[in-house]
Amino acid sequence: MAFTIKIYEKNEYISGLLKKRLKSFFPDAYIVNPYFDDQDQETRFSDYERVLYDPKDISKEELSSFSVSPIRLTEDGGIIDCARFIPMIRKNAESPSFPAPVTGSLTAVIPFVYSDVRDRYICSLGHDLSGADFNIRLDFTSKIRSLWRSPAGSNMTSLLEACRSKKFEPEDILKYCNMDDSGFLTPGSCMNNDDVYDIGVSRSMALINHAANLAHSNRRFVNVVAVVEGFRSNDLPELLSSCDHVTILLPAINAGEDIGSKDLIAQLTKALGRERIFVFYADDIKDPGILDYRLSPGRQAV
């Protein structure tokens, strides 16, 4: 039975992400945005429709005159949670595809490169992170090295301070995040330059553990990328103990840092296991979404 999903969302980028996400659950549905798409063709062949709306763009009252039970996209915190409203769409759909819950991953990135190279690498992870409900980026760095500033007042300092509470839950991380220019949810930078370090490594450990629990929960599919800079080498094994992957970014293979990095790689490999440690050089990173694997057997996994 063919049906239509209408998404009333004026942000074309968000609308595109929603279409892609919903298509994986409802491959036979027509998914359109009345603000951007021609609906005549889809409506003609549909047996019924479901309507999703963003209350900042259109009210429920406006939709109720021509739609039965429109579904609100956002919760009070402004987060679009697909896991919440997909079951509501299913009630009217005939045997739609609904995969079993999938858990995400927590990846730590330790960069010894310029910030633009670091961010190019993180953008290149897009293929590996596709299909998730959310991809979160947490910058455990100085304010200078965290390039994105949240326009809505959220920041890394507030998140680190909040996670000290015993009432803090892993999903509370989402309340402190906004979408950055690369499609990640992130709290952005800290308020003051050295807040991440002044608050103490134990708080960063607590937040990374919360992030791991969020990523490994089967309630929703979440990936977390944690950028980790400026910590003492001896603190890193415990700080990264809950990570699924740890990537060390280095300059060109013939740079002097390659010699000094061997001790850190050996230390982390001993503590976390060879299967979790990966090494990339700046030359391996091409355009976003493309990693050069020609030399990877000897240089990617240590």
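A brief structural summary.

Calculation notes
Residues numbered from 1 in each chain as written. Predicted model: local features only at pLDDT ≥ 70, side-chain atom pairs only at ≥ 80, totals over all residues. Heavy atoms only, no water. Core = buried A, V, L, I, M, F, W, Y, C linked by side-chain atoms within 4.5 Å. Buried < 20%, exposed > 50% of the residue type's maximum accessible area, 1.4 Å probe, protein only. Helix = DSSP H or I, 4+ residues; strand = E, 2+ residues; numbered from the N terminus. Contact = heavy atoms within 4.5 Å. Arc of directions from axis to C-beta. Salt bridge = Lys/Arg side-chain N within 4 Å of Asp/Glu carboxyl O. Pairing = 2+ DSSP bridges. Phe/Tyr/Trp six-rings, centres within 6.5 Å; stacked < 30°, edge-to-face > 60°.

Describing the nonpolar core
Proteins that are soluble and globular tend to have nonpolar side chains buried together.
Line of reasoning, step 1. One finds Ile-136, Leu-138, Phe-140, Ile-173, Leu-240 and Leu-268 to be the most contacted residues of the largest nonpolar core, which totals 46 residues.
Line of reasoning, step 2. When residues in this core are grouped by element, the largest group, 7 residues, is from helix 8 (residues 201-216).
Line of reasoning, step 3. Setting aside its immediate chain neighbours within four residues, Ile-173 contacts Ile-136, Leu-138, Leu-159, Phe-168, Leu-207, His-210, Ala-211 and Leu-214.
Line of reasoning, step 4. Ranked by size, the runner-up nonpolar core spans 19 residues in total, among them Phe-3, Leu-22, Ala-29 and Cys-82.

Thoughts on helix 4 (residues 82-90)
Line of reasoning, step 1. Looking only at helix 4, the buried set comprises Cys-82, Phe-85, Ile-86 and Ile-89. The buried residues of helix 4 all sit within an arc of 115 degrees when viewed along its axis, so they share a single face.
Line of reasoning, step 2. Here the buried face of helix 4 lies against strand 1 (3-8), helix 1 (12-25), strand 3 (48-53) and strand 4 (71-72).

Some details on the pattern of salt bridges
Line of reasoning, step 1. Within this structure, the stated rule accounts for 12 salt bridges.
Line of reasoning, step 2. Across the salt bridge formed by Glu-49 and Lys-6, the nearest N and O atoms sit 3.3 Å from each other. Here Glu-49 is found in strand 3, whereas its partner Lys-6 is found in strand 1, with 43 residues between them in sequence.
Line of reasoning, step 3. Across the pair Asp-172 and Lys-175 runs a salt bridge whose closest N-O atoms are separated by 3.2 Å.
Line of reasoning, step 4. Judged by relative accessible area, which is 15%, Asp-172 ranks as buried.
Line of reasoning, step 5. Looking at Lys-175, the relative accessible area reads 64%, which means it is exposed.
Line of reasoning, step 6. What emerges from the salt-bridge pattern is a single network uniting Arg-118, Asp-119, Arg-137, Asp-139, Arg-145 and Glu-229.

Notes on the sheet that holds strand 4
By definition, the strands of a sheet pair up through backbone hydrogen bonds, in either a parallel or an antiparallel sense.
Line of reasoning, step 1. With parallel pairing, the 4 strands of this open sheet are ordered in space as 2-1-3-4. Each end of this open sheet is capped by a strand with a single partner; those strands are strand 2 (30-32) and strand 4.
Line of reasoning, step 2. The pairing of strand 3 with strand 4 spans 2 bridges and is parallel. Across the sheet, the residue bridging to Tyr-53 is Arg-72, located in strand 4.

A closer look at the packing of aromatic side chains
Line of reasoning, step 1. Applying the stated criterion across every chain yields a total of 3 aromatic pairs.
Line of reasoning, step 2. Arranged with centres 5.4 Å apart and planes meeting at 45 degrees, the rings of Tyr-121 and Phe-280 form a pair that is tilted. Of this pair, Tyr-121 sits in helix 5 (residues 115-124) while Phe-280 sits in strand 11 (residues 277-281), and the two are 159 residues apart along the sequence. Comparing Tyr-121 with Phe-280, the two get one shared label, buried.
Line of reasoning, step 3. Each ring, one from Tyr-197 and one from Phe-231, has its centre 5.5 Å from the other, and the planes form 70 degrees; the classification is edge-to-face. Of the two residues, Tyr-197 is situated in helix 7 (residues 195-199) and Phe-231 in the loop between strand 9 (222-228) and helix 9 (236-239); the sequence distance between them amounts to 34 residues.
Line of reasoning, step 4. Given the relative accessible area of 27%, Tyr-197 is considered partly exposed.
Line of reasoning, step 5. Note on Phe-231: relative accessible area 15%, which makes it buried.

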